[in-house]
Amino acid sequence: MNRAKFVMAIYALAAVLAMCSIGYSVAISSVLGIIAGIVATCVIFMTAFKMKRKLREQGLL
(Lines give C-alpha, C1' and ligand atoms only; values in the text may rest on other atoms or scores of the structure.)
Protein backbone atom coordinates (compact mmCIF):
# COMPACT_ATOMS: atom_id res chain seq x y z
CA MET A 1 0.00 0.00 0.00
CA ASN A 2 1.66 3.19 -1.14
CA ARG A 3 1.55 6.54 0.64
CA ALA A 4 -1.27 7.97 -1.50
CA LYS A 5 -3.64 5.11 -0.78
CA PHE A 6 -2.84 5.32 2.93
CA VAL A 7 -3.66 9.04 2.96
CA MET A 8 -6.96 8.41 1.16
CA ALA A 9 -7.81 5.65 3.64
CA ILE A 10 -7.29 8.10 6.51
CA TYR A 11 -9.64 10.59 4.82
CA ALA A 12 -12.24 7.84 4.33
CA LEU A 13 -12.04 6.87 8.00
CA ALA A 14 -12.38 10.50 9.05
CA ALA A 15 -15.45 10.91 6.84
CA VAL A 16 -17.09 7.81 8.32
CA LEU A 17 -16.43 9.07 11.85
CA ALA A 18 -17.85 12.50 10.99
CA MET A 19 -21.01 10.90 9.61
CA CYS A 20 -21.29 8.75 12.74
CA SER A 21 -21.06 11.89 14.85
CA ILE A 22 -24.15 13.22 13.07
CA GLY A 23 -26.06 10.08 14.02
CA TYR A 24 -24.82 10.28 17.61
CA SER A 25 -25.87 13.93 17.83
CA VAL A 26 -29.34 13.05 16.55
CA ALA A 27 -29.60 10.35 19.20
CA ILE A 28 -28.78 12.75 22.02
CA SER A 29 -30.85 15.61 20.48
CA SER A 30 -27.97 18.04 20.14
CA VAL A 31 -28.65 20.58 17.41
CA LEU A 32 -25.21 22.11 17.77
CA GLY A 33 -23.63 18.66 17.41
CA ILE A 34 -25.66 17.93 14.29
CA ILE A 35 -24.56 21.16 12.66
CA ALA A 36 -20.93 20.60 13.67
CA GLY A 37 -21.06 17.06 12.26
CA ILE A 38 -22.46 18.28 8.95
CA VAL A 39 -19.80 20.98 8.70
CA ALA A 40 -17.05 18.51 9.60
CA THR A 41 -18.28 16.05 6.97
CA CYS A 42 -18.33 18.73 4.29
CA VAL A 43 -14.84 19.96 5.19
CA ILE A 44 -13.41 16.43 5.18
CA PHE A 45 -14.96 15.62 1.81
CA MET A 46 -13.71 18.88 0.27
CA THR A 47 -10.15 18.38 1.49
CA ALA A 48 -10.17 14.72 0.45
CA PHE A 49 -11.28 15.54 -3.10
CA LYS A 50 -8.64 18.28 -3.36
CA MET A 51 -5.99 15.84 -2.15
CA LYS A 52 -7.16 13.19 -4.59
CA ARG A 53 -6.89 15.63 -7.50
CA LYS A 54 -3.41 16.65 -6.35
CA LEU A 55 -2.25 13.05 -6.00
CA ARG A 56 -3.72 12.12 -9.40
CA GLU A 57 -1.87 15.03 -11.05
CA GLN A 58 1.36 13.79 -9.48
CA GLY A 59 0.70 10.33 -10.87
CA LEU A 60 0.50 8.62 -7.47
CA LEU A 61 -3.06 7.33 -7.93
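The protein chain carries the name DUF5325 family protein in an unreviewed UniProt entry, which gives Lysinibacillus zambalensis as its organism.

1. Some words on the overall build of the protein chain
Secondary structure assignment for the protein chain yields 2 helices and 0 strands. Relative to a compact globule of 61 residues, whose C-alpha radius of gyration would be 10 Å, the protein chain shows 14 Å and is clearly more extended. If one aligns the C-alpha atoms of the protein chain with their principal axes, the spans along those axes are about 45 × 20 × 10 Å. Among the 61 residues that make up the protein chain, the fraction classed as buried is 18%. Within the protein chain, contacts between residues separated by at least 24 positions form 57% of all contacts whose residues are at least 6 apart in sequence. Only carbon and sulfur atoms are counted for the fraction: they give 73% of the accessible area of the protein chain, which is about 4,500 Å².

2. Describing the packing of aromatic side chains
Scanning all chains against the criterion turns up 1 aromatic pair. Look at F45 and F49: their rings are 6.2 Å apart centre to centre, the planes differ by 35 degrees, and that puts the pair in the tilted class. Taken together, the residues span about one helical turn, with F45 and F49 both in helix α2 (residues 31-58) at a distance of 4 residues. The exposure class assigned to F45 is partly exposed, which follows from its relative accessible area of 34%.

3. With respect to the environment of G59
Counting through the fold element by element, G59 comes out in the segment after α2. Accessibility expressed as a relative area gives 54% for G59, which makes it exposed. As for G59 and A4, which are separated by 55 residues in sequence, their C-alpha atoms are 9.9 Å apart.

4. What about the environment of T47?
With respect to the element layout, T47 can be found in helix α2. In this structure, the C-alpha to C-alpha distance between T47 and Y11, residues 36 residues apart in sequence, is 8.5 Å. Within polar-contact distance, the side chain of T47 engages the backbone oxygen of I44 at 3.0 Å.

Basis of the calculations
- Residues numbered from 1 in each chain as written.
- Predicted model: local features only at pLDDT ≥ 70, side-chain atom pairs only at ≥ 80, totals over all residues.
- Heavy atoms only, no water.
- Helix = DSSP H or I, 4+ residues; strand = E, 2+ residues; numbered from the N terminus.
- Rg over C-alpha atoms; globule rule 2.2 N^0.38 Å.
- Buried < 20%, exposed > 50% of the residue type's maximum accessible area, 1.4 Å probe, protein only.
- Contact = heavy atoms within 4.5 Å.
- Areas by Shrake-Rupley, 256 points an atom, 1.4 Å probe, with all protein chains shown as cover.
- Phe/Tyr/Trp six-rings, centres within 6.5 Å; stacked < 30°, edge-to-face > 60°.
- Polar contact = N/O pair within 3.5 Å; in protein donor to acceptor, adjacent residues only side chain to side chain.

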